[in-house]
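# Structural characterization, general
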Amino acid sequence: MNIHEALEWRYAVREFSPEKLDNQDVEALIEATRKSASSYGLQPYQLIVIQSESVRRILLPHSFGQRKVLDCSHLVVLAAQTDIGDHTVDRYTDRYMKVRGVPYEDIAGYARHMKEALAAKTDPERREWAHQQAYIALGTLLTAAAAMRIDSCPMTGFDRKAYDEVLGLTGMRLEASAIVALGHRSPADEHARLPKVRFEDREMVIRM
Ligand SMILES: Cc1cc2nc3c(=O)[nH]c(=O)nc-3n(C[C@H](O)[C@H](O)[C@H](O)COP(=O)(O)O)c2cc1C
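The paragraphs below set out a description of the structure included in this document. Position labels on residues start from 1 in each chain and follow its written sequence. With pLDDT at 70 or above as the cut-off, local features in this predicted model cover only qualifying residues; side-chain atom pairs require 80 or more to be listed or tallied, and sums for whole chains, interfaces and linings still use all residues.

Numbering of helices and strands runs from the N terminus, with a helix taken as a DSSP run of H or I at least four residues long and a strand as a DSSP run of E at least two residues long. Secondary structure assignment for the protein yields nine helices and four strands. What you see in the protein, going N to C, is helices and strands ordered as α-α-β-α-α-β-α-α-α-β-α-β-α. Judged by the C-alpha coordinates and their principal axes, the protein covers about 60 × 50 × 30 Å. Burial is judged by counting other C-beta atoms within 10 Å of a residue's own C-beta: 20 or more means buried, 12 or fewer means exposed, and anything between counts as partly exposed, with every C-beta placed from the backbone. Here the protein holds 208 residues, and 28% of them are scored as buried. In this description, a residue-residue contact is defined by the distance between C-beta atoms placed from the backbone, which must lie within 7 Å. Sequence separation of 24 or more characterises 82% of the internal contacts of the protein that already satisfy a separation of 6 or more.

Listed below in structure tokens is the structure:
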């Protein structure tokens, strides 16, 4: 299946089948998401993979009536870091030095630049920036899932504060950005057969 077929095949699932996903497939999807691009490479978010039915049952009343939170196979919460600062850059540079085997001097200038760029933002701007990066990961996850023939539904229709509380995110200096239900579409889900609603190329793309 090429990428166009995969993107045509995917849709925001309304009704999941009771069939569960293979854990290995879910892990492969998470691995693809972990490779997502991010501003400066700082990846200021985390992925919470929830298989536990009891946890999803607690989340259900905070999901604006969206039963797929419970009916899906796995629920992924993308959560943005709330505490962004010099330590965000230090964590990244430590990792960079380890992975690439280079001394700090090699990246000192880049580290300074990243710290200055983050310091120039207000706290709400830094938090917004972190959510933007989580959304890029959301896009990567949806596309990778389609390529792997894993059905999904991205969702922002949930009570963020309640999710943060139930999952203990605030204590981890995180806040929920978006959630994704994963699984297999139900054969009864009529939405799978509807044509995609997208603006035409000429309405969306400006070529110069
Ligand atoms: C950020 C985001 C939030 C969304 N929130 C919900 C949601 O809460 N519930 C839902 O059923 N679909 C949700 N969707 C799915 C969109 O409604 C869907 O992607 C859009 O209508 C296009 O349809 P398609 O994905 O089936 O092609 C969301 C999609 C995105 C990208």
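Picking up after the structure, the text goes on.
Turning next to the site of the ligand. As used in this record, a residue near a molecule or strand is one whose C-beta atom, placed from the backbone, is within 6 Å of it. Around the ligand, the neighbouring residues are Y11, A12, Q66, C153, P154, M155, T156, G157, A178 and K196. Counting residues per element, the shell around the ligand draws most heavily on strand β3 (residues 151–155), which supplies three residues. Considered class by class, the residues forming the shell around the ligand number six nonpolar, three polar and one charged. Note that Gly is not counted as nonpolar here; it falls among the polar residues with everything else outside the nonpolar set of Ala, Val, Leu, Ile, Met, Phe, Trp, Tyr, Cys and Pro and the charged set of Asp, Glu, Lys and Arg.

What a helix is expected to span follows from its residue count: subtract one and scale by 1.5 Å. Here helix α2 (residues 23–34) spans 16 Å end to end across twelve residues, near enough to the 16 Å set by a 1.5 Å rise per residue. Considered for burial, the residues of α2 that qualify are V26, L29 and T33. Burial along α2 is one-sided: seen end-on, the buried residues are contained in an arc of 60°. Facing away from the buried surface of α2 by more than 90 degrees, the exposed residues are Q24, E27, E31 and R34. Working note: the arc is built from the helix axis to C-beta atom directions.

We now examine the environment of L60. Considering the arrangement of structural elements, one finds L60 in the loop between α3 (53–59) and α4 (68–71). Linking L60 and E190, residues 130 residues apart in sequence, is a C-alpha distance of 23 Å. Ignoring sequence-local partners within four residues, the contact set of L60 consists of V69 and L70.

Quick look at unusual backbone geometry now. For R149, which is not a glycine, the phi torsion comes out positive at approximately 60°. In this fold, R149 is placed in the loop between α7 (123–147) and β3.

One finds L78, V180 and A181 to be the most contacted residues of the largest nonpolar core, which totals 39 residues. When residues of this core are traced back to their parent elements, those giving at least two are α2, β2 (74–81), α5 (86–100), α6 (108–119), α7 and β4 (174–183). Sort the elements by how many residues they give to this core and α7 lands first, with nine residues. In contact with L78, other than residues within four places in its own chain, are Y45, L47, A134, A137, L138, S177 and A178. Joining buried Ala, Val, Leu, Ile, Met, Phe, Trp, Tyr and Cys residues through C-beta atoms within 7 Å gives a set, and that set is a nonpolar core.

Looking at the secondary structure, you find L29 in helix α2. Spatially, the C-alpha atoms of L29 and L118 are 30 Å apart, while their sequence positions differ by 89 residues. Here L29 is in contact with L141, A144, A145, M148 and I150, once residues within four sequence places are set aside.

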